[in-house]
Every structure is written in C-alpha cells, then in structure tokens.
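# A structural walkthrough
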Amino acid sequence: MREFFTLKPNRLWMILAGFFVANALVAEFMGVKLFSLEKTVGMDEVNWMFYGQKVSFTLTAGVLLWPIVFIMTDIINEYYGPRGVRMLSYLTAGLITYGFLMLFMAMKLEPADFWRTSHIKPDWPVAQQDAMRQQVGDYNTAYNVVFGQSMWIIVGSLIAFLVSQVVDVLTFHRIKAATGEKKLWLRSTGSTMVSQLVDSFVVVFIALYIGLKLPFVQVMAICTLNYIYKGTVAILMTPVIYLVHGAIERYLGHDLAAKMKEAAQSVN
C-alpha cells in the first residue's frame, strides 16, 4: 500500500482527479448565481442582436471554474486515456447528484430560531434592522432561495456535463491520432471548443427551453452568447495548458511521461 502512494503516476492521478472533482462540484454550487460580465468589468451591456433577440453576457458564476474542468479533462486524457476521463466523469456526476440530494435534505431541516435573524445585530438602529429584514428576510429563507434552484437546471447541467465530456474525449483522441504528439494546442483547445459548444447549448436548452418554456429563438440567442464567452476563454487558456503540461513532464520525466501517453492513446 505504501508503494502505491510513492509511484509518480498514482500520485499525479490523485492530484488531478481531486482537482477535477473539486472544481466540478464547486462550479455546480456556484452556478446558482447569475452575473453580468460587462458590469463586473465596468462596461455597459453589449446588447448584441442574435436571431432578432437582444442579449448581453449574463452568465452563471460556474463559468469561472468550468474552463479549468475542461483543461483538466484534456490533461487527464493525455496521460490516462479515455477510460480515466470517463471514470472521473461518471464519479463526478454521481457526486454532484449526491451533493444536491444532501442540500435538498439540508433545506428541509428545521432551523434554530436564533439563526434565522442572527445577521441582524440588536445594537443596530431600528431603521437599519428593518432594511436588513427587507433585503434578506431570515437566513433560512435566503438559504432556500439561493440553493433551491430549478430541477431543470440541475438535470440540464448534469446531462450537459456528461455529454460534453464524452465529446471532449472523442475529439481529443481523433485530433491526436491525426497529429501525433505535435500540436498540443490543437487537440486541447480544439476539443475544448467543440465540447463547450455542446455544453453551452445543451444546458441552456434544457434549463430554459424545456424547463422555463422560453421562446426558442431567445434560448438560441442566449446559447450563442454563452458559447462566444466560453470559446474565447478556451482560447485564452491555451498557455495554461502548456504550463501544466510542462510541469507534469518535468515531474514524471521524459521517459515515464512518454510511456504513459503511449498507453493512454491505446486504451479506450
């Protein structure tokens, strides 16, 4: 057992897998918040027109972490092959489902009376206390409002995650089979661009068109703008892929890294 933790491939697997799962889980729970990209960076909303619909960059907070998840997918794919990515993807989807079930149970717990209003300080002026009650209500209500997101969003997010992971793996290995060890940027960024296209349209279509019954053209406009953001980030993250790849190569050594990549390419 001690030898297991001393082998570099095993230690690298634990680090990559842990980081992959943690980022995916946190991204799901962060995703309940929608934010304006333009206002966040101090700009006016773009109000671009797509399919006759005026849309701006309104995104879920989860987009801060999903690009990292897809980078981790490509790195794991590079050294551990499609089987490693699939195993982690199924495990992560199961853990996300487990996390939402536990959160649902937590929402049903009866809150302690003092906790409901613990954000309102007794020494505050009455007007300030009333303002806080109007803004937040009680902690239990705020907790349930924030985390009690639509079931369609959860379903859409899980389906989009699994489908996009499968697409990412297939695209990555098709490109690598055609280019060999050359053009890391093409197989990593290219596969991410394709998988993010699937992810952007699947999750928004399920959550907003099937779930909220928004007009089809409006949903397509939102999907398109989401993909523009995710695709741009994927391109900008390309140097990070090289940095991580270089660090792993130095850690494993050239010979061991080459053996792992060769084995990963042959295992489906």
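So, how was this worked out
- Residues numbered from 1 in each chain as written.
- Predicted model: local features only at pLDDT ≥ 70, side-chain atom pairs only at ≥ 80, totals over all residues.
- Heavy atoms only, no water.
- Axes fitted to C-alpha atoms, helices over the stretch in contact; angles between N-to-C directions.
- Helix = DSSP H or I, 4+ residues; strand = E, 2+ residues; numbered from the N terminus.
- Parallel < 35°, antiparallel > 145°, perpendicular 65-115°, else oblique.
- Left-handed = near helix turned anticlockwise from the far one by under 90°.
- Contact = heavy atoms within 4.5 Å.
- Nonpolar A, V, L, I, M, F, W, Y, C, P; charged D, E, K, R; others polar.
- pLDDT = per-residue confidence, 0-100.
- Expected span 1.5 Å × (residues − 1).
- Bend = angle between axes of the 7 residues up to and from the residue.
- Salt bridge = Lys/Arg side-chain N within 4 Å of Asp/Glu carboxyl O.
- Buried < 20%, exposed > 50% of the residue type's maximum accessible area, 1.4 Å probe, protein only.

### Side note on the packing of helix α9 (residues 184-211) against helix α11 (residues 238-252)
Orientation of α9 relative to α11, taken along the N-to-C sense of each, is 120 degrees, at an axis distance of 10 Å. For the element pair α9 / α11, the angle class is oblique. Where α9 crosses over α11, the two elements pack in a sense that is right-handed. Together, L184, W185, S188 and T189 of α9 and T238, I241, Y242 and H245 of α11 make up the contact between the two elements. Partitioning the contact of α9 with α11 into residue classes produces 4 nonpolar, 4 polar and no charged.

### Regarding the confidence of the model for the protein
Chain-level statistics for the protein give a pLDDT mean of 86 and a share of 97% at 70 or above. Mean pLDDT across the secondary structure elements of the protein bottoms out at helix α1 (residues 2-6), with 75, and peaks at α11, with 92.

### With respect to α9
The first and last C-alpha atoms of α9 sit 38 Å apart over 28 residues, in line with the 40 Å expected at 1.5 Å per residue. For α9, the principal kink sits at F205 and spans about 35 degrees. After α9 finishes, the residue K213 shows a positive phi value of roughly 60 degrees.

### Let's talk about the pattern of salt bridges
Taken as a whole and judged by the stated rule, the model has 6 salt bridges. Note that K176 and E78 form a salt bridge whose closest N and O atoms lie 3.5 Å from each other. Here the residue K176 occupies a position in helix α8 (residues 151-179), and E78 occupies one in helix α4 (residues 66-108), the gap between them amounting to 98 residues. An identical accessibility class is assigned to K176 and E78; each is buried. For the salt bridge of R116 with E110, the shortest nitrogen-to-oxygen distance reads 3.8 Å. Under the relative-accessibility criterion, E110 is labelled exposed at 68%. Several salt bridges share partner residues, and in doing so they unite E78, K176 and R187 into one network.

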